[in-house]
Amino acid sequence: MTAIAGQGGGRQGSAETLAPLLSIRGLTVRYGPITALDGLSLDVGAGQVISIVGPNGAGKSSLLAAIAGTVKPAGGQVTFKGQPTIGQPLEQTVRRGIALVPEGRHVLASLTVLENLRLGATIRRDTAEAAREIEGFFKTFPILGERRNKSAGRLSGGEQQMLVIARALLSKPTLLMLDEPSLGLAPKITDQIYAMLASIREAGVSILVVEQNAARALRVADRTYVLNGGIIRMSGTEAELSGNPDFEAAYFGLAPRGGAQ
Amino acid sequence: MAASISDRIGWRPAARDGLRRLVPLAALVGIVLTIVLLAGMGDIVLQRRVIFCLIHVVAVVGLYIFMGNSGVMNFSSAGFMAVGAYTSALLTMAPGMKSTFLPDLPAWLAAAHLSPLWGALAGGVMAGLMALVIGIPIMRLSGIGAAIATLSLMFICYIVLGNWTALTGGQQSLMGLPSYVGLWTAGLTAMVAIAVAFVYQETRGALALRGSREDEVAARGSGVRIVRERLAAFVVSGFVTGIAGVLYGHFLGTLRVESFYLDLTFLLVTMLVVGGMRSLAGAVIGAIGISILTELLRLVEVGFVLPGTSWSIATPPGLGDVALAAAMLLIILFRPQGLTGGHEIELPRSKTSTSGLATTSGNTGTANV
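Remember, it's a predicted structure, so these values are computed and weren't measured experimentally.

Enquirer: If you had to explain a nonpolar patch on the surface to someone new, which residues and values would you point to?
Expert: Among the surface-exposed residues, Val125(B), Met126(B), Leu129(B), Leu132(B), Val133(B) and Ile136(B) lie close enough to one another that they form a single nonpolar patch of about 520 Å² accessible area. Within the secondary structure layout, Val133(B) lies in helix H7 (residues 116-138).

Enquirer: Mind laying out the environment of Asp126(A), listing which residues take part and the relevant values?
Expert: Its place among the elements puts Asp126(A) in the loop between helix H4 (113-120) and helix H5 (127-140). Of the polar contacts made by the side chain of Asp126(A), one reaches the side chain of Arg124(A); its length is 3.1 Å.

Enquirer: Just give me the short version of the nonpolar core, but keep the residues and values in it.
Expert: Judged by nonpolar contacts, the single largest core of 95 residues is most densely connected at Val61(B), Ile194(B), Leu255(B) and Phe260(B). Element by element, the count of residues in this core is highest for helix H3 (residues 44-70) of chain B, at 15 residues. The contact partners of Val61(B), leaving out residues within four places of it in the chain, are Ala193(B), Ile194(B), Ala197(B), Leu280(B), Ala283(B) and Val284(B). By size, the runner-up hydrophobic cluster in this structure holds 36 residues, among which are Val101(A), Val113(A), Ile134(A) and Phe141(A).

Enquirer: If you had to explain the confidence of the model for chain B to someone new, which residues and values would you point to?
Expert: Low pLDDT means the predicted coordinates in that region are not meant to be read closely. Residue and element names in this part refer to chain B. Across chain B, pLDDT averages 87, with 90% of residues at or above 70. The model gives residues 1-13 a pLDDT under 50, and that stretch makes 14 contacts with residues more than four places away or in other chains. Across residues 350-369, confidence stays below pLDDT 50; counting only partners more than four residues off in sequence or on other chains, it has 26 contacts. Complex prediction metrics read pTM 0.85 and ipTM 0.82.

Enquirer: Go over the side chain of Gln161(A), please, and point to the residues and values.
Expert: Mapped onto the elements, Gln161(A) comes out in helix H7 (residues 157-169). In this structure, Gln161(A) is in contact with Val101(A), Arg105(A), Glu180(A), Pro181(A), Leu185(A) and Ile193(A), ignoring residues within four places of it in sequence.

Enquirer: Describe the environment of Leu111(A), listing the residues and the values that go with them.
Expert: When you line up the elements, Leu111(A) lands in the loop between strand E6 (98-101) and H4. Under the relative-accessibility criterion, Leu111(A) is labelled buried at 2%. Excluding residues within four positions of it along the chain, Leu111(A) makes contact with Asn116(A), Lys150(A), Ser151(A), Ala152(A), Leu207(B), Arg210(B), Gly211(B), Arg213(B) and Glu214(B).

Enquirer: Requested: an account of the pairing of strand E9 (residues 223-228) of chain A, with residues and values cited.
Expert: All names here are of chain A. Burial of E9 is extensive: 5 of the 6 residues sit out of reach of the surface. Sheet topology note: the strand E3 (residues 49-53)/E9 ladder contains 4 bridges and is parallel. Bridge assignment links Ser51 to a residue of E9, and that residue is Thr224. Here E9 hands over to strand E10 (residues 231-236) after 2 residues, with Gly229 in that stretch at a positive phi of 60°.

Enquirer: Talk me through the sheet that holds strand E4 (residues 75-80) of chain A; I want residue IDs and the actual numbers.
Expert: All names here are of chain A. Read across the sheet, 4 strands follow the order E2-E1-E4-E5 without closing on themselves; strand pairing throughout is antiparallel. Edge positions in the sheet fall to strand E2 (34-44) and strand E5 (83-84), since each has one partner strand and no second. Pairing analysis gives 7 bridges linking strand E1 (residues 22-31) to E2, with the strands arranged antiparallel. Bridge pairing in E2 links Arg30 to Thr35. Contacting E1, E2 and E4, helix H2 (residues 60-68) runs over the sheet at an angle of about 115° to E1.

Analysis parameters
- Numbers given to residues run from 1 along each chain, matching the order in which its sequence is written.
- As a convention, the first chain written is A and the first ligand written is 1, with the rest following in written order.
- It should be noted that, the model being predicted, local features are given only for residues of pLDDT at least 70 and side-chain atom pairs only at 80 or more, the latter also being counted only at that level, while totals for whole chains, interfaces and linings use all residues.
- Calculation of side-chain values draws on the structure's entire complement of heavy atoms; hydrogens and water are dropped beforehand.
- Exposure above 30% relative accessible area and no salt bridge define the residues that can form patches, which grow by joining like charges within 9 Å and nonpolar side chains of Val, Leu, Ile, Met, Phe, Trp and Tyr within 5 Å.
- Note on areas: these come from Shrake-Rupley sampling with a 1.4 Å probe, and a residue is covered only by the protein chains present in the view.
- The term salt bridge refers to a pairing of a side-chain nitrogen on Lys or Arg with a carboxyl oxygen on Asp or Glu at a separation within 4 Å.
- Every helix listed is a DSSP run of H or I at least four residues long, and every strand listed is a run of E at least two residues long, numbered separately from the N terminus.
- Any N or O atom pair separated by 3.5 Å or less is treated as a polar contact, with the protein-specific requirement of one donor-capable and one acceptor-capable atom, and with residues adjacent in sequence counted only for side-chain atom pairs.
- Remark: nonpolar core denotes a set of buried residues (Ala, Val, Leu, Ile, Met, Phe, Trp, Tyr, Cys) joined through side-chain atoms within 4.5 Å.
- Burial status follows relative accessibility: with a 1.4 Å probe on protein chains alone, a residue under 20% of its type maximum counts as buried, one over 50% as exposed, and anything between as partly exposed.
- Contact criterion: two residues are considered in contact whenever any of their non-hydrogen atoms come within 4.5 Å of each other.
- Per-residue confidence from the prediction method is given by pLDDT, with values spanning 0 to 100.
- A pair of strands is treated as paired once DSSP finds two or more bridges between them.
- Only C-alpha atoms enter the line fits that serve as axes; for helices the fit covers just the stretch in contact. Angles between N-to-C directions range over 0 to 180 degrees.

Rendered as structure tokens:
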């Protein structure tokens, strides 16, 4: 598992043996009487890609929100690089190296494409290096390069999603979290988005991606967790899960353990 | 697609980017300079009207620095102008004048006699300090909360200054300010204010603030500390607005607390909204446009004879205020981004490609798949 990630992750060789990059233990999130997450535990190792799949309302977004600091959990612990993240505001989480691409493509519609990217580098002091990265991004995605001075709201859905991911990367995160990156996109565009994720991973960034699109999520991830009713029903690699009848059952909440739901 | 093709046959972005970025600033400074030069050829009455207009430009630019970049309502401009005006007045008036009008002034203040420049800076700094102190608690507010808080701040300034008789003369006029503000003083200050606003809006902090204006979660997700960035803008805004107050006092030579109240507040907000609160060009054009409109309406109110005929036209009094409100209403209904549509003045090519579609960009953003 560690062999895949390659060089970029820094001290990941030792990190894997010592402690995972992100560690979640017994995380519980409640909205009034409704329990969205019920004692969830999982780890993301340095350089790993972890995906969480599950239907609507499974608790996927709550998980990311609790890690990022936009939702206050009722219980449990989240540690990132060995330090607790719970109770930290969102803007602080980013500074520690967790970037969140929220659901629904939050482009800053009336700012230009270039301004959107520059905003992504807000927390960085190496402005010149950030500017080079932005130019590099425009070379990789010429469509966006051509529209650098156009307002971001005029981009297509797929272009907006790429822009938001690139913006998140400009904060130089150690961990990138994505909430439903393929939602509402055509399959061809989704391919591009996932190709982008693959190259991000090559650069050594760990990824935690939440998806309804289970097939996609399985293919990209080192390990996939099936979340339903706030509980992890099943987990495994693509080889273990794809074609496994229990996987579908777990996804739809029909597995033996989930039968009570 | 058409836009990207015109991009390719046009200039190469990187080459002229540097100079191009200064075009919006140069255009606005050019407009103000032209107005000053033209007014210089006119009579004294016209010049006084133009000076008033330029002071309003400074005040609206000050308002824009905070409200335009952050998108948070601010109704406290008049209060900052009052603080700037009285601070400078008390520090620059001749001690003899002060002992006549303000006999109860503390001794050190009664003796203070700064040069106009230092007095003006002190006025701006005092307004900036007020922004800092008040801003710390209220910068977390946005929407209706911010509107009420800043309006209250303006009322507080009005009531405190109006009742602090020892310092301001209370409800009486304070007279005897050195009236050093002429056409060029007002014009140059307006140009400097525009430059300050322009330099500020090019900073990373201002970009972060505009990001938070568009989408608070996305901005925080990029690490923007919204309260801190708003506070910085509020302080710069307070300083510039305070300077506008200084000009006001030293132009008229007299001060009344009454002048810094609701009328002025709504005039400044109207100027910014009509011009377009999302661009510096909007602030400047709004201030100039509304000044011209009110001036024309004042002429109509007084009554004039149609040239070449014997018809004289005079409208009922109060038309000016009604027209101002109507202008605001029409803009909000039909062009919510203001006359400039939230754009800066750019060279023709990029203007044609952005202005047509820009007003709809906010909506199409989420609708595309």
